[in-house]
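# A closer look at the structure
Chain residues, written in single-letter form:
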Amino acid sequence: MEQGFELWANPSSPHGEGRKAKSALEDARDRVKAALSWDGEVIFTSGASEALAIGLQRAKVDHRIVSAVEHDAVFRAAPDAAIFSDDAVLDARTIFAVQHVNSETGVINPVAQMAQTVKPTGAVLLSDCSQSAGKIALPDADMAVVSAHKFGGPIGMGALLVRDFNLLNPIGGHERGYRQGTENLPGAMGMAAALEAGDWQTTPQDRAWFADAVKGDALSIGDQVDYIAALTHPTLSAQALLIRLDAVGFAVSAGSACSSGTLKKSRVLDAFGVSDDVAARTIRVSIGWSTTREELERFADRWASLT
C-alpha cells in the first residue's frame, strides 16, 4: 500500500504518472486473479456491499432470487428479490444469489453443486464469497463477491469477480466502465498482497482444538468452516455476552457485524430454524487471520467461566 501511495495519480489519466498508476493497478488485478484462481474479469470496489449492488442491480436480468440466509447487504441491494424455494423458476432472465460461507454460522453452502443445476437453466449464479475468499477455493459461479479485510487486506476494498462483462450493463466511468469513482490503487495493491501472503496465525490443528473446546455450546448446522462458530450460552443473553466479553478484550458479535447493533432476532438464525430462545443466547465468534492460539485458549477459558 505504501508503494501505491507513492504513485499518487489517477490510474485513468492519460499522462505519464497516470499510466504508471494504471500499470500498477492492472498488475494488482492480475495478482488477485492468480491468487484466487479466477480466469474471468475483476472489478475493484469499495467492499462487498458495493460489489453485491453492482452484481444484483446491473445484471442483464429481469428477476432476482436470493437464499433466505444471505447477508443483509444482499437484501439492501435487491429489496424486491424473491426468496429461493423449491418451486423457484430459474431461467436466462434470472440472477440467483447464494452465499458460499454463511457469515453468522460458518455453514458452507454447496454452491459448486448448485452451479451444476443452475448452469443448464441459463440463470446467472452470484455467490457472496466474502467469508471464503482467500481461505477455501471459490465455487464455479458466474459472479463472486470478495471483501479484502476478511483475509487481512485493507478495509474499504473489495471486488466483484465476473466471468464475462456481458453479464452486466455498463454505466461508464472507471473499471472498464462498470464502476464510477477513481480507483483505489493502494487498496488494490494491499488486497493483492494480503491474498498472496495468506497468513494465518493459527493452524488447522489450533482451530480444531478450539472447535472441540467449545463444541458443547456450538450450533451444528451441516458442513461448517473451522473459523466461524455460533455459540449459545445456557442462560446469558447475546447482549449480555457481548458486554462481558468486550470488557475482557474479546471482540465478538450477535449476528452479522452490519446488523449486530440491533436487538431483534437474527434473520439468518431464524431461516436456519433456530428457536427464538436459542437465538437470543447465541453469538458469532470468528477466528481472524491475526488470531493466535493463545487468544483461542484465553477465550475458551473465559467462555467456560461465564455464568
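Refer to the preceding data block for the structure.
Summary of the structure given here.

What counts, and where the lines are drawn
Residues numbered from 1 in each chain as written. Predicted model: local features only at pLDDT ≥ 70, side-chain atom pairs only at ≥ 80, totals over all residues. Heavy atoms only, no water. Helix = DSSP H or I, 4+ residues; strand = E, 2+ residues; numbered from the N terminus. Buried < 20%, exposed > 50% of the residue type's maximum accessible area, 1.4 Å probe, protein only. Pairing = 2+ DSSP bridges. Right-handed = clockwise from strand over helix to strand, strands pointing away. Phe/Tyr/Trp six-rings, centres within 6.5 Å; stacked < 30°, edge-to-face > 60°. Lys NZ or Arg CZ within 6 Å of the ring centre and 35° of its normal. Arc of directions from axis to C-beta. Contact = heavy atoms within 4.5 Å.

### A short note on unusual backbone geometry
- Unusually for a residue other than glycine, Ser37 sits at a positive phi of about 55 degrees.
- Within the secondary structure layout, Ser37 lies in the loop between helix H2 (16-36) and strand S1 (41-45).
- Its identity as a non-glycine residue notwithstanding, Glu175 has a phi of 50 degrees, on the positive side.
- Position of Glu175 among the secondary structure elements: in the loop between strand S7 (158-162) and helix H6 (185-197).

### A few points about the pairing of strand S5 (residues 124-128)
- Summarising burial for S5: five of the five residues are buried, a large majority.
- Burial of S5 is two-sided: the residues Val124, Leu126 and Asp128 facing one way and the residues Leu125 and Ser127 facing the other way are all buried.
- Here three bridges tie strand S4 (residues 94-97) to S5, and the two strands are oriented parallel to one another. By the bridge assignment, Phe96 is partnered in S5 with Leu125.
- Crossover connection from S4 via helix H5 (residues 111-118) to parallel S5: handedness right-handed.
- As paired elements, S5 and strand S6 (residues 143-147) share three bridges and run parallel to each other. When the bridges of S6 are listed, Asp128 appears paired with Val145.

### A word on the packing of aromatic side chains
- Tallied over the full model, the rule gives seven aromatic pairs.
- Ring centres of Phe165 and Tyr178 lie 4.6 Å apart, and the angle between their planes is 10 degrees; on these two criteria the pair is classed as stacked. Of this pair, Phe165 sits in the loop between S7 and H6 while Tyr178 sits in the loop between S7 and H6, and the two are 13 residues apart along the sequence.
- Judged by relative accessible area, Tyr178 falls into the buried class, the value being 9%.
- Members of the aromatic cluster, each reached through a chain of ring pairs, are Phe210, Phe250, Phe299 and Trp303.
- The ring of Trp38 is capped by Arg163, whose NZ or CZ atom sits 4.0 Å from the centre of that ring.
- Above the ring of Trp209, the side-chain terminus of Arg293 is found at 4.5 Å from the ring centroid.

### Quick notes on helix H8 (residues 238-247)
- The complete set of buried residues in H8 reads Ala238, Leu241, Leu242 and Leu245. One side of H8 holds all its buried residues, which, seen down the axis, span an arc of 100 degrees. Seen from the buried face of H8, the exposed residues on the opposite side, beyond 90 degrees, are Ile243 and Ala247.
- Contacts made by the buried residues of H8 are with strand S9 (282-286) and helix H11 (293-305).
- Just beyond H8, the residue with positive phi is Gly249, at close to 95 degrees.

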